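One-letter residues, chain by chain:
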Amino acid sequence: MELSKLLPVAHLQRLCEEFTALTGAVTAILDLEGNILVATGWQDICTRFHRVHPGTVSRCHESDTVLAASLDRGQPYNVYKCRNGLVDVAMPIFVGDQHIGNFFTGQFFFNQPDTEAFLAQARQFGFPEEDYLAALKKVPVFSEDRVRLMMGLFTLVTNMIAGMGIANEDLRLQGEELARTNTTLAAEVTERKRAEDELRRAHDELEERVLERTRSLRDALDTLERHQDELRVAKETAESANRAKSDFLSSMSHELRTPLNAILGFAQILDSAFSAPLDDKQRFRVQQIMNGGNHLLSLINEVLDLARIESGVLTLSVEPIETKALMAEVLELTRAFPTRRNTVIQDWKVADNLAERVRADYMRLKQVLLNLTSNAVKYNRAGGTVFLAAEAGGGGSVRFVVSDDGPGIPPEKHSQIFEPFNRLGAETTEIEGTGVGLTITKRIVEAMDGRIGFETEVGRGTSFWVEVPASQEPLAAPPDAVEDNARDALRIAADGVPRRLLYVEDNPANLQLMRDLVDELPDFTLASAPTAEIGIEVAAATQPDVIVLDVNLPGMNGIEALGLLKADPRTSRIPVIALSANVNPSVIRRGMEAGFLHYLAKPLDISLFLRIVVELCPRPPG
């Protein structure tokens, strides 16, 4: 039996168009020879790209072939993910026991698509990236539950198609019988009238069956719409909860950074002061305060990093970087870590065929390697050794390996290694940590198109490895080297050049910190203001060399105040620095776009602050 002769194709075309309009899913009805009888709603990404390019059309044909070949009477439908990245579904059309065609839908995703993977696919096959991504955005994302619901609807359609095919076949056979009767009994008008009446009744029955199936379909679509409404409400609830979490973390970060600014700031001044230097015992105590404060700050930063990654707002600056320069910096910083009873840190063991450059975010890759090396130091045995190696990885990548000869990780805990806030029992020891470092490391590595893994043996040690893509592109400019010693920064700033600072800050402890810092520098003078409105007036009257401006101020905020300072000819040329506990990336971006020359985060890094002030303050002639 031929499918095209059994079915009212035009009617089915309209019906499938209604399916597409209601569900957003494409449809197609094909006979067993591959002829397309009905097609609706096909996505641009398939019609404009995948099914016209020689490199991708073979994957489309493969999907068609696999789907059609896997259908049998006992399987309601088959799902297949095309190698081009989209999901297709097919179900058979039977008339009686005869398989006469297939019903297809698809060209959608079960999950949000990996944009970077499709960008790589566009580059691989030479597709225009902007047009390709625009086509990608049109592709719908259906949950598996929704697909099952849609396939239930499509099952009704295929059953209706089969029923129509049977009815049409019956009509065809009856027509043939009627023709034979008319040939042999042309004179018997009564018999012909009877046959015509029978044919009419059969047609009426067919229409009634179509109407009944249509009513069933409408009921099913109503159910689908209700489920879609429920899913929308659930999604909005989840998004609201996620926003509330982000707002809570941002607020907690601000509230914790404010007192930390006083703790770490005064500790830095005590540790670096010229006017009243500390003895060794006092310096040790101050160092303990700074270590504790910096540890608390690292906890805050790690939790915020994890929140940004989970929210999908972590920004990366991926570019070519020099492999060995990065390794040298990581080695130097690792050797500065406090070690457990003479832990030895070996030099990098570098393979001869190591690529000169890798493609990654410099600061984030350094963060990844330092997290692995610090873990190897912290969790090693007393007097243990940390081994570092760099070698060629798989698929044109560079592999960095950090190994220790510590106690190793038991097999029953392997599945928990990358879980957030899980320290695998180390929380009962004196070793500090949050349990989110490896979670963040894994997410960052994967965001840079890399991989991470580990090998461990109880009693013999653990090796963590990270692979990132090698690069043949020219090197980006190296990051500026900076001093990190507050005492050196105080010495450089005390160079005999008069400098006038205006600090706009409403928190008394933060203001006192700045006063104490300026007291250590005899050539510095400080003016202050508790609000932006007063600060603008003081700036116009005193003409300071630099304005340091908090962002969260009572009344007018710092970004608004910056706009007024830039608009006033008396203050427009004065450099302005932001110093704030608000480290929300969107606020920082707004501040830099508004005209801040630097946006410094609290707690105050005195060495960085003084370097910037010295850089911005004009030197007297001669």
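For clarity, every value in this text was computed on a predicted model and none was experimentally measured.

Conventions we followed
Residues numbered from 1 in each chain as written. Predicted model: local features only at pLDDT ≥ 70, side-chain atom pairs only at ≥ 80, totals over all residues. Heavy atoms only, no water. Buried < 20%, exposed > 50% of the residue type's maximum accessible area, 1.4 Å probe, protein only. Helix = DSSP H or I, 4+ residues; strand = E, 2+ residues; numbered from the N terminus. Contact = heavy atoms within 4.5 Å. Salt bridge = Lys/Arg side-chain N within 4 Å of Asp/Glu carboxyl O. Phe/Tyr/Trp six-rings, centres within 6.5 Å; stacked < 30°, edge-to-face > 60°. Lys NZ or Arg CZ within 6 Å of the ring centre and 35° of its normal. Pairing = 2+ DSSP bridges. Right-handed = clockwise from strand over helix to strand, strands pointing away.

Novice: Please explain helix α15 (residues 532–542) as it appears in this structure.
Specialist: For an α-helix, 3.6 residues make a turn, and residues three or four places apart therefore share a direction. Every buried residue of α15 is accounted for by Ala-532, Gly-535, Ile-536, Val-538, Ala-539 and Ala-540. Summarising the contacts, the buried residues of α15 are in contact with β13 (499–504), β14 (524–529), β15 (546–549) and α16 (558–567).

Novice: What is the right way to read the pattern of salt bridges from this model?
Specialist: This structure, assessed with the given rule, holds 23 salt bridges. Note that Arg-123 and Glu-129 form a salt bridge whose closest N and O atoms lie 3.2 Å from each other. Overall, the relative accessible area of 35% leaves Glu-129 in the partly exposed class. Note that Lys-602 is salt-bridged to Glu-505, the shortest N-O span being 2.7 Å. Taken as a pair, Lys-602 in the loop between β17 (598–601) and α18 (606–616) and Glu-505 in the loop between β13 and α14 (508–519) lie far apart in primary sequence, 97 residues in all.

Novice: It is not clear to me how the packing of aromatic side chains should be interpreted in this structure. Could you clarify?
Specialist: In this description, a pair of aromatic rings is defined by centroid distance and the angle of the planes. The final tally for this structure, using the stated rule, is 13 aromatic pairs. Seen in terms of ring centroids, Phe-596 and Tyr-599 are 6.4 Å apart; in terms of plane orientation they differ by 85°. Their pairing is edge-to-face. The same class applies to Phe-596 and to Tyr-599, which are both buried. Here a set of aromatic residues connected by ring pairs shows up, and it is made of Phe-49, Phe-109, Phe-118, Phe-125, Phe-127 and Tyr-132. Above the plane of the ring of Trp-465 lies Arg-399, whose end atom (NZ or CZ) is 3.9 Å from the centre. In this arrangement the basic side chain of Lys-442 is found over the ring face of Phe-418, its NZ or CZ atom lying 5.9 Å from the centre.

Novice: Can you help me understand the pairing of strand β16 (residues 576–580) in this one?
Specialist: Sheet faces and side chains relate simply in a regular strand, where the side chains alternate between the two faces. In terms of burial, β16 is largely enclosed, as five of its five residues are buried. Side chains of β16 alternate between two faces, with Val-576, Ala-578 and Ser-580 and Ile-577 and Leu-579 buried alike. Pairing of β15 with β16 involves three bridges; the strand directions are parallel. Note that in β16 the partner of Ile-547 across the bridge is Val-576. In this fold, the crossover linking β15 to β16 by way of α16 has right-handed handedness. The pairing of β16 with β17 spans four bridges and is classified as parallel. What sits directly across from Ile-577, in β17, is His-598. After leaving β16, the chain enters helix α17 (residues 585–594) and then returns to the sheet as β17, a path that is right-handed.

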